[in-house]
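# Close look at the chain arrangement
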Amino acid sequence: QVQLVESGGGLVQAGGSLRLSCAYSGAAFDALPPGWFRQVPGKEREGVACMNNYNDHAYYGASVQGRFTISRNDAEKTVYLHMNNLKPEDTAIYYCGACARVDGQFEFDYWGQGTQVTVSS
């Protein structure tokens, strides 16, 4: 059974930085590309980052391109999302999961409880 636990969210001022962590367990996840998505209540889920099948390249949503970086540490069984130059519109609940690109869109399987990121102006 795949389990994911996101952490690292909090309140930050615009222009600040945060690092989100996603501790995972379950053999199935080891072989899957990780990714992150976010969601604001009442709005659609938005793909943030998605690694390719070889875990050597990442794709990012247009709104976070150049500001966010996804990484994976297999030894620690942790996926990270480094977020820089945060903007108020980045405010959302952030989830990690297994990611695949389908027709140019991010699709996710598995995810945890999420971690809240709030960016003040």
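Note: the structure precedes this text.
Below is a summary of the structure that appears in this document. For clarity, every value in this text was computed on a predicted model and none was experimentally measured. Every chain's residues receive numbers from 1 upward, in the order its sequence appears when written. It should be noted that, the model being predicted, local features are given only for residues of pLDDT at least 70 and side-chain atom pairs only at 80 or more, the latter also being counted only at that level, while totals for whole chains, interfaces and linings use all residues. Note: side-chain values were computed over all heavy atoms of the structure, leaving out hydrogens and water.

Moving on, we come to the packing of aromatic side chains. Aromatic pairs are defined between Phe, Tyr and Trp rings, using the six-membered ring for Trp, whenever the two ring centres lie within 6.5 Å; interplanar angles under 30 degrees are classed as stacked, those over 60 as edge-to-face, and all others as tilted. Counting across every chain of the model gives 4 aromatic pairs. Geometrically, the ring pair formed by F37 and W111 is edge-to-face, given 5.7 Å between the ring centres and 85° between the ring planes. You can see F37 sitting in strand β4 (residues 34-39) and its partner W111 sitting in the loop between β10 (105-109) and β11 (115-120), a full 74 residues away along the chain. One aromatic cluster is present, formed by F37, Y95, F108 and W111 through successive ring pairs. Lysine NZ or arginine CZ positioned within 6 Å of the ring centre and within 35 degrees of the ring normal marks a charge as sitting over the ring. Here the guanidinium or amino end of R45 rests over the ring plane of F37, the centre of that ring lying 4.9 Å away. The residue whose ring lies beneath R101 is Y59, and the NZ or CZ to ring-centre distance is 4.1 Å. Numbered from the N terminus, helices here are DSSP runs of H or I no shorter than four residues, and strands are runs of E no shorter than two.

Shape descriptors only; they carry no functional weight alone.
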